[in-house]
Structures are given as structure tokens and as C-alpha cells.
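Chain by chain, the residues:
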Amino acid sequence: MGRSRQALLKLAPLPLAALCACARPSFPALNAPDDTVQSISIEHAADSFVLVQSPLGRWRVDPLKGVIDEADAVGAERLLSGLRALRVDADVPGDAAAAGLSGADAVSVAVFVSGRNDAAFTARFGRRALGGALYAAARADAPTAIVEGPDPALLSRSASDWRELRLLTGDCTRVEVAASRRFRAASPATAAALCAARAARLAVDSPPEVTGMSRPSLRVRTRTSSLTVGARLDGERWIRVDGRPGLFLAPAEVFETAAAEAAR
């Protein structure tokens, strides 16, 4: 047993006596390339949803209840990379509840690929162990192990946490801005800043007289997406993205710079 494994076993929260040198629990290898992955099903104790890829590189979060919206594509790719890199560090036979695999901490993940009706990968993750490690099992009734690979922060995200905060998604080229009715091409610096703009937070839909959407200060459009900028709220602006549910609040500066440019 190597020194790193000895340290892991020493510091793991479960009793050392519960660990053994028995056969390693078997997890299915996720070898599917990105272009064959159709969806990732994620089930929390009180929140179940699916991340769906269509087309390649574009993701949406599709809750079984609630709001359907664009999903964090970078996060989805990181989650897939972590699942592909999953490795077993130690075996933990015994109480699955103590490992968080049968309670509120449990997260079940299944990856579905084209050409198969059954999942290409399944795993159930529980509490955190040492560092970035997690307690896990290949399925609900499988042996427990300590594994590394997936980012625990990604696994703990709710459906709302997966919603994309980047405001102009897809092909962010040919950026145009309008402070009144007429659109004009944005300068390269302004276009880059707008394409990189991210919401600070999600916001509930509110009346236009509150958000300023009835008299927007700026409209922005690209080849594939467009948005409307409303009133200022402290250091943020209300944003409505066409085709996406609800509203966003985003740092005001980039949009105010763009509005001043559009008004010249």
C-alpha cells in the first residue's frame, strides 16, 4: 500500500476498521466521445433534472419540474471529463448511509449516448472524503468506495445552478447595438466585452415599470442571440435574453459603455 493511500485511509471519516483490501468495486468506464453523449441525468434527494446536449457543444437543463433553460456548457464538459477520469482510491464495505449514499447527500448520475437505450455510465455519489474525493457506488446496491475524478461542486449543483449565466451564447459574431431603433456594428472592444458578459444572478420576472424593459436603454444582437437591457439596480442592470425564461441581473458597466457607443 503506497504512502498516499495510507494517508487517505487514515484521514477518511469512516472507521479504519471498515476499510478492506477486498476486490475493488467496479464502475463502468465512460469512454464515449463528446459528440455521442446525448444527456446526463442527475438525481438529488429533492431535485432531479437532465442536461441535454443538442447540437454538439450546446446544452440545456431540462428539469422534470420547473424552468427549461440553456445550461453551462463548460461545466457539463468538465463533469463529463471528471466522470471519464473516475478512479477508485479505497474500498469501504459496510454502511452506505454513513457514506451518504442513501440519504440527502446522495447524487445519482447516468450518462446516455447515441445508439444505446440503456445508460453508458451510472454511479451514485455520497459525502466528500479527503480532498476532492467522494464516497461512491456504481449503483444503489453496489459496494462502496472512495473515488476521485468528478468535481464535488459540480455534482452538488441544483437545476437552477446549472443555468447558463453567459448572456450571449452560441455564435457571438457580428455584434450589433442599438440605443434607439437603429442597430449599428459594435466596436471590436465593445463586442468582445458583450460576448464575455455574464449575469451576476438570476432574477424573478418583474413588471416592466420596475425593470425598465418598457423603455430599454440598449438592445444587443448577434448571429444567434439577442438581449434587452433595462433599468439600473444599484451597480447592475436588468437583462432579458430573447428565448430564455425569466430575467437576469448583470454588472452594469459593459452595457452602459455599449449604450454610450450606440448613441453617438
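Everything discussed here concerns the structure shown above.
So, here's what we can say about the structure. (Residues numbered from 1 in each chain as written. Predicted model: local features only at pLDDT ≥ 70, side-chain atom pairs only at ≥ 80, totals over all residues. Heavy atoms only, no water.)

1. Comments concerning the pairing of strand E5 (residues 87-91)
With respect to burial, E5 is a largely interior element, four of its five residues being buried. The pairing of E5 with strand E9 (residues 145-148) spans four bridges and is antiparallel. Each residue of the ladder has a partner; that of Val-88, found in E9, is Val-147. (Buried < 20%, exposed > 50% of the residue type's maximum accessible area, 1.4 Å probe, protein only. Helix = DSSP H or I, 4+ residues; strand = E, 2+ residues; numbered from the N terminus. Pairing = 2+ DSSP bridges.)

2. Re the sheet that holds strand E4 (residues 69-70)
The nine strands are arranged E4-E3-E2-E1-E6-E7-E8-E9-E5 in an open sheet whose pairing can be described as antiparallel. Strands at the two margins of the open sheet, each flanked by one partner only, are E4 and E5. As defined by bridge partners, strand E1 (residues 37-43) adjoins strand E2 (residues 48-53) across five bridges and the pair is classed as antiparallel. In the sheet register, Ser-39 faces E2, and the bridge partner there is Val-52.

3. Structural notes on helix H2 (residues 73-84)
Between its terminal C-alpha atoms H2 stretches 17 Å, which fits the 16 Å expected from 12 residues at 1.5 Å a residue. The set of residues buried in H2 consists of Ala-73, Gly-75, Ala-76, Leu-79, Leu-80, Gly-82 and Leu-83. Tucked inside the fold, the buried residues of H2 contact E1, strand E3 (59-63), strand E6 (107-113), strand E7 (121-128) and helix H3 (152-155). (Expected span 1.5 Å × (residues − 1). Contact = heavy atoms within 4.5 Å.)

4. Focus on the packing of aromatic side chains
One pass over the structure, following the stated rule, counts zero aromatic pairs. Above the plane of the ring of Trp-162 lies Arg-157, whose end atom (NZ or CZ) is 4.5 Å from the centre. Taking the ring centre of Phe-183 as reference, the NZ or CZ of Arg-221 above it sits at 3.9 Å. (Phe/Tyr/Trp six-rings, centres within 6.5 Å; stacked < 30°, edge-to-face > 60°. Lys NZ or Arg CZ within 6 Å of the ring centre and 35° of its normal.)

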